[in-house]
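Each chain, written out:
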Amino acid sequence: MAILVTGGAGYIGSHTCLELLNAGHEVIVVDNLSNSSIESLRRVSELTGKTIKFYQVDLLNKEKLDTVFGQNNIEAVIHFAGLKAVGESVEIPLFYYHNNIGGTIILCEVMKKYGIKRMVFSSSATVYGMSETTPITENSPLSATNPYGRSKLIIEEILNDLYVSDNSWSIAVLRYFNPIGAHKSGRIGEDPNGVPNNLMPYISQVAVGRLKELSVYGNDYLTLDGTGVRDYIHVEDLARGHLKALKKIMADSGVEAYNLGTGQGYSVLEMVSAFERVSGKLVPYRIRDRRPGDIGICYSDPTKAERELGWVAEKGIEEMCLDAWRWQLSNPNGYQELSNTSSEFENPRLIVM
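Residues numbered from 1 in each chain as written. Predicted model: local features only at pLDDT ≥ 70, side-chain atom pairs only at ≥ 80, totals over all residues. Heavy atoms only, no water.

## Looking at the sheet that holds strand S11 (residues 254-260)
(1) Moving on: One open sheet holds the 8 strands; their spatial order is S11-S6-S5-S4-S1-S2-S3-S15, and the pairing between them is parallel. The sheet terminates laterally at S11 and strand S15 (350-352), the two strands that pair on one side only. Strand-to-strand twist across the sheet, computed as the mean angle between neighbouring axes with direction ignored, equals 20 degrees.
(2) Moving on: Pairing geometry for strand S5 (residues 118-124) and strand S6 (residues 170-176), over 7 bridges, is parallel. The residue of S6 that forms the bridge with Ser 122 is Leu 174. (Pairing = 2+ DSSP bridges. Helix = DSSP H or I, 4+ residues; strand = E, 2+ residues; numbered from the N terminus. Axes fitted to C-alpha atoms, helices over the stretch in contact; angles between N-to-C directions.)

## Observations regarding the sheet that holds strand S12 (residues 266-267)
(1) Moving on: Across the sheet, 3 strands lie side by side as S12-S9-S14; this open sheet has mixed pairing. Strands at the two margins of the open sheet, each flanked by one partner only, are S12 and strand S14 (297-298).
(2) Moving on: Note: strand S9 (residues 229-230) against S14, 2 bridges, orientation parallel. If you follow Arg 230 over to S14, its bridge partner there is Cys 298.

## Quick notes on the environment of Asn 160
(1) Moving on: Within the fold, Asn 160 resides in helix H6 (residues 147-165).
(2) Moving on: Along the sequence, Asn 160 and Gly 49 sit 111 residues apart, while their C-alpha atoms lie 38 Å from each other.
(3) Moving on: Of note is the side chain of Asn 160, whose polar atom sits 2.9 Å from the backbone oxygen of Glu 156. (Polar contact = N/O pair within 3.5 Å; in protein donor to acceptor, adjacent residues only side chain to side chain.)

## What about the environment of Ser 131?
(1) Moving on: Along the polypeptide, Ser 131 turns up in the loop between S5 and H6.
(2) Moving on: Taking the C-alpha atoms as reference points, Ser 131 and Val 110, separated by 21 residues in sequence, lie 35 Å from one another.
(3) Moving on: Beyond its immediate stretch of four places on either side in the chain, Ser 131 contacts Ile 136 and Ile 295.
(4) Moving on: At 3.1 Å, the side chain of Ser 131 forms a polar contact with the backbone oxygen of Thr 133. (Contact = heavy atoms within 4.5 Å.)

## Regarding the confidence of the model for the chain
(1) Moving on: For the chain, mean pLDDT is 94; residues scoring 70 or higher make up 97% of the total.
(2) Moving on: Contacts of residues 339-345 to residues separated by more than four positions or lying in other chains number 13 contacts, the stretch itself having pLDDT below 50. (pLDDT = per-residue confidence, 0-100.)

## Describing empty space enclosed by the protein
(1) Moving on: Scanning all chains against the criterion turns up 2 cavities of 30 Å³ or more.
(2) Moving on: In this structure, the largest cavity encloses a volume near 50 Å³.
(3) Moving on: Tyr 11, Gly 181, Glu 190, Met 200, Pro 201, Ser 204, Ala 324, Trp 327 and Gln 328 together form the lining of the largest cavity.
(4) Moving on: Looking at the lining of the largest cavity, the elements with two or more residues in it are helix H7 (199-208) and helix H11 (317-330).
(5) Moving on: Along the lines of polarity and charge, the residues of the lining of the largest cavity split into 5 nonpolar, 3 polar and 1 charged.
(6) Moving on: Around the second largest cavity, the lining residues are Glu 190, Asp 191, Pro 192, Pro 201, Gln 205, Arg 210, Trp 327, Gln 328 and Gly 334.
(7) Moving on: Looking at the lining of the second largest cavity, the elements that each hand over two or more residues are H7 and H11.
(8) Moving on: Tallied by class, the residues present in the lining of the second largest cavity amount to 3 nonpolar, 3 polar and 3 charged. (1 Å grid on protein atoms, 1.4 Å probe; cavity = no way out; pocket = protein on both sides within 12 Å on 5 of 7 lines; lining within 4 Å. Points joined across faces, edges and corners; volume = space filled by probe spheres on them. Nonpolar A, V, L, I, M, F, W, Y, C, P; charged D, E, K, R; others polar.)

## Quick look at the pairing of S5
(1) Moving on: Taken across its 7 residues, S5 has 6 buried, putting it largely inside the fold.
(2) Moving on: Relative to S5, strand S4 (residues 76-79) runs parallel, the two sharing 3 bridges. In the strand pairing of S5, Ile 78 is matched with Val 120.
(3) Moving on: Remark: the S5/H6/S6 crossover connection has right-handed handedness. (Buried < 20%, exposed > 50% of the residue type's maximum accessible area, 1.4 Å probe, protein only. Right-handed = clockwise from strand over helix to strand, strands pointing away.)

Given below as structure tokens:
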């Protein structure tokens, strides 16, 4: 089955491409490489021994996206592409709305033109906003607190409206909690631009010496050690969730949302301790003031995904930390030593269009 993966060169996208290829699917990737590297796809094709067809295309370019669909017999879409930094979204909200919502609308228009009505959408637990109860279920109130989360929530509403207008659509909305870790080979992993926004790459960059210390925002929450508690999930478990969702949408119609998390919360300092155990490295940190909008405890109830998709997270916190550390040690500067200029790569299994 030919699957189009938007944003497939990114962190979660590249791991999902690997799982798709190993499952025997044909993979076509579109990515504008604004926050990713084509090197990740070169490595995915090496790890799997399978071919990836890559288009450097921005979803806002409808003409080029139309060409991608016209050249391939696509059967379903896994939609990752989008800007994703919460802080940046507060600074430049219009850019986030234009990119994330506008790109999705154009994607859906082109899908409709070609009669392709099967999509797995990469959403986020940020759509639950300042949830006052845990664990969070799919029926918890939705209320985003920043433009990034609001863009995800608006897209969810658009996809629901799309199905109401045409019941032949089948869409799985996957609400991620906190993806961490890397492929066990150490060849692909998380490579954020600049100072990381997420905890695990921040910890690992401190451990490898790229950053001086970890900033811990708040130690006065009502938690075991006063630091914030989150639901961390291994990126490989998350990638497997997309294949389960893909199977679901190919068999059914409708729009369904699923939490992808472990159902277990860990505090920031518990994460630091687990990382230090598996890496043998000390991670110096400094307590700072709480950030506006942060909440003390946030973790998922993933039972709907288990019941309807047959998916459960399998990897524990120490394996998540170990795989993240292996990636960081093997790639101390991430993919940065390599250019995004596609002509520099020679790989017969990565077809650059």
